[in-house]
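Examining the three-dimensional arrangement
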Amino acid sequence: MADQLGNGRGARHAVVVGGSLAGLLAARVLAEHAERVTVVERDRYPDEPEARPGVPQGRHTHVLLEGGQLALEQLLPGVVDELREQGAPRVAMPRDLVQWQGGRWFRRTAGTSPLFTGARPRLEHLVRRRVLADPRVHAVQGAEAVGLLGDATRVRGVRLRERGSGETRVLEADLVVDASGRATQAPRWLAEIGAEPPHEEVIETGLAYATRLYREETAGGVADCLGIYVIPGPGQTYGGGAIPIEGGAHMVTLSGLRGDEPPTDGDAFEEYAKRLPHPLLHDWLTKARAESAVRSFRGTANVRRRYDRPGRRPAGFLATGDALCTFNPIYGQGMAVAAISAVALRDALADRRRTPTTRRVQRALLDASEQAWSISSGSDKNMPGATGNAVGSRLLDRPAAWYLKRVEARYTGDPVVGEAFRSVLALVEPVSVLLAPGIARAVLFGPVPPTPPEPPLRPEDGGGDGSGGGVRGA
C-alpha cells in the first residue's frame, strides 16, 4: 500500500492507541478517511463522567483554552454549548479571577479569551459519547498495546494484551496512531521492529503539584470573583489557585519545585499555602470545606519527540497529543493542543494539493503544538534548577526573550497589551500579534502601567460576573 493517508485513498483500518481526548479526536478525523477506526484503551470507560486510572491527571485542575474550544467546535459542533449546559464554569480573564504574577496583581478589566474550568472527566465523557456514536469507530477496552507489527519500512498493526487475563493478540491495521499520552512506549516499540526512535527534547523544572476539592458554601467568601490564581515564576516559585468546577465546587492546586513539593496530608496542604506571596488563598482555604483527599502529580517535564526529523522510521505510524509533545501541565495547554492537533490532522489528510504522506502529516501535527511548546518550554527554561537537553537558549532567542519580558511587565496593567498577550496564551492568535504597531509602541516605548497594590477583590466595573460558582463575599 502506498504511503498515502488521506483524500479518500487512505487506510482501510486505522488503529488509535489511547482513548483519551487526543485519541478520540484523532479517531473522529480518521473516520472520514478509513473504512473503520479502532480505539484501543487500557481502561474500561465509566458510564458517567468519572476519573479513571489511565488519566492520572484527571482529578487535578484542568482548563480548556479558547483555542481548544474553537478547534473542538470544528470537530464536534455544539460540544462547547453542551459543556456549558452541564455546568462547566466559563472564566474570562482578567475580570473573573484575582491573579498575581511577577510581583504584580492584575487589574480586573474586561475579560477576554474565556476558558472553561470544569472537571476534565466531564469534557472527555462528552467527546467520547459523540465520537463512539459513529458506527465507523469502535473501542477495544481493557486492553493495552504492547508493541507494533511490521518493520522499519511500514507499521502493519499492534500487539495487544488483555488486562486481567494477560492474553495477547494482534490487531492488523494500515495506520497506527499513538495517542497513549506522556507515558508512551512507542520509541521502544519502534526500536523493536528495527526502526529509529525519535530524538527527544526535554526541559524539566522539577515542579510538582497537589490538588484537593473544596466547597465554600459555608465560607463567607473573600472576594467577588470566580477564582484565585497565583502564577509561579523564576523569582517566586510557589504557585496556587482555587479554580471553579461544576456544582459550585473548586479545585485547589498548590505547586512547588523539587525538594519542596506540596504535601498530601490535608492540614499540611493548607499550611503550605502560606508560602504563597499573599495570604489570600490561605485565608480562603480556612473558610472553605475540604471534600476530597489531597492528590499529587510530579510528571511535569516538557518533552517533544521529533518524529518529523529524518530517520529510519516506518510509514503508517503517527504520534499525536502528549505522545508527541507534552507540556508542563501548569500552563493548561494539553486539552487545547489535543483538539488543535486533530484539526491539523483533518486538514493534512484533506489537502488535495499535496499527497498526505506519513512524514508530511506528522510534520503538520508537530506544527500544531509549536506555539504551546514555545510558551511552556520558553518559560520553564528560566526556572531555577531547570534541567534537560533543551534548556539552553540560542543567540537568536535573546531578542524575543527581551521583548516578551517587556510584554509580561505590561500585560498585568495594560488592557490592550493584556488582550493581545492572552490571545497568544490561549492559542488563538500567533505570537506575531504582539508585534502589531499599537502593541509594539506600548511595549517598546510605553511606561510600565500601575497595577493594584493589594488583591483587587472586585472587578473594575464594580459588577459581578453573574454566572455563579465563584469565590464570592460581601
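Residues numbered from 1 in each chain as written. Predicted model: local features only at pLDDT ≥ 70, side-chain atom pairs only at ≥ 80, totals over all residues. Heavy atoms only, no water.

Topic: the sheet that holds strand β10 (residues 168–172)
Selection rule: Pairing between strands requires that DSSP locate at least two bridges from one strand to the other. Starting at the N terminus, helices and strands are each numbered in turn, a helix being any DSSP run of H or I of at least four residues and a strand any DSSP run of E of at least two. Geometry is summarised by axes, namely lines fitted to C-alpha atoms with helices restricted to the contacting stretch, and by angles between N-to-C directions that run from 0 to 180 degrees.
Taken in spatial order, the three strands make up an open sheet running β8-β9-β10, and their pairing is antiparallel. The outermost strands of the open sheet, each flanked by one partner alone, are β8 (143–150) and β10. Shown here is a sheet whose adjacent strand axes are inclined to one another by a mean of 30°, direction ignored.

Side note on the pairing of β8
For clarity, the cut-off: Here the term buried applies to any residue with accessible area under 20% of the maximum for its type, exposed to any over 50%, and partly exposed to those in between, with areas from a 1.4 Å probe on protein chains only.
Most of β8 is tucked away, with six of its eight residues classed as buried. Pairing of β8 with strand β9 (residues 155–162) involves seven bridges; the strand directions are antiparallel. Opposite G150, over in β9, you have V155 as the bridge partner. Remark: four residues form the turn of the hairpin made by β8 and β9, two consecutive strands paired antiparallel.

Here we look at the packing of helix α1 (residues 21–30) against helix α8 (residues 334–350)
This is how it is decided: Every angle not falling under 35 degrees, over 145, or within 65 to 115 is termed oblique; those three ranges are roughly parallel, roughly antiparallel and roughly perpendicular. Note on convention: the crossing is left-handed when the near helix lies turned anticlockwise from the far helix by less than a right angle, right-handed when the turn is clockwise. Any two residues whose heavy atoms approach within 4.5 Å are treated as being in contact. Under this grouping Gly is polar, as are all residues other than the nonpolar Ala, Val, Leu, Ile, Met, Phe, Trp, Tyr, Cys and Pro and the charged Asp, Glu, Lys and Arg.
Put simply, α1 and α8 touch, their axes get as near as 9 Å, and they point 20° apart. In this view, α1 runs roughly parallel relative to α8, as classed from their interaxial angle. Crossing of α1 over α8 shows right-handed handedness. Of the residues in α8, those in contact with L21, A22, L25, A26, V29 and L30 of α1 are M335, A338, A339, A342, L345, R346 and L349. Residues belonging to the contact of α1 with α8 are distributed by class as follows: 12 nonpolar, no polar and one charged.

Description of the packing of aromatic side chains
Heads up, the condition is: Pairing of aromatic rings covers Phe, Tyr and Trp, the last through its six-membered ring, and needs centres within 6.5 Å; plane angles under 30 degrees mean stacked, over 60 mean edge-to-face, and all others mean tilted.
In the structure shown here, the tally under the stated rule is six aromatic pairs. Relative to Y411, the ring of F106 lies with its centre 5.2 Å away and its plane at 85°, an arrangement referred to as edge-to-face. Here F106 is found in the loop between β5 (104–105) and β6 (112–116), whereas its partner Y411 is found in helix α11 (residues 397–411), with 305 residues between them in sequence. Neither residue differs from the other here; F106 and Y411 are each classed as buried. On the numbers, 5.7 Å between centres and 80° between planes, the contact of Y238 with Y272 is edge-to-face. Note that Y238 is positioned in the loop between β14 (227–231) and β15 (239–244) and Y272 in helix α6 (residues 266–272), a separation of 34 residues in sequence. As far as burial versus exposure is concerned, Y238 and Y272 are alike and both buried.

A look at the environment of P198
In this fold, P198 is placed in the loop between α5 (186–192) and β12 (199–203). On the accessibility criterion, P198 (8% relative accessible area) is buried. For the pair formed by P198 and G311, sequence separation is 113 residues and the distance between their alpha carbons is 8.0 Å. Contacts of P198, omitting those with residues within four sequence positions, involve P187, L190, R305, R306, Y307 and R313.

Topic: empty space enclosed by the protein
In plain terms, the rule: Throughout, the protein atoms alone are placed on a 1 Å grid, and a set of points is a cavity if a 1.4 Å probe fits but cannot get out or a pocket if it is open with protein on both sides within 12 Å along at least five of seven lines; lining residues have an atom within 4 Å of a point. Grid points are joined across faces, edges and corners, and a volume is the space filled by probe spheres set on the points.
Under the definition given, this model contains five cavities of 30 Å³ or more. Along its surface, the largest cavity is lined by P46, E50, A51, R52, V55, G58, R120, P121, E124 and R128. Its residues assigned to classes, the lining of the largest cavity shows four nonpolar, one polar and five charged.

What about the sheet that holds strand β11 (residues 175–178)?
Here we have five strands laid out as an open sheet, ordered β7-β2-β1-β11-β20, and parallel in their pairing. With one partner strand each, in any of the chains shown, β7 (137–141) and β20 (317–319) form the two edges of the open sheet. Recorded for the sheet is a direction-independent mean angle of 20° between the axes of neighbouring strands. Pairing of strand β1 (residues 13–17) with β11 involves four bridges; the strand directions are parallel. Counterpart to V16 in the pairing with β11 is V177.

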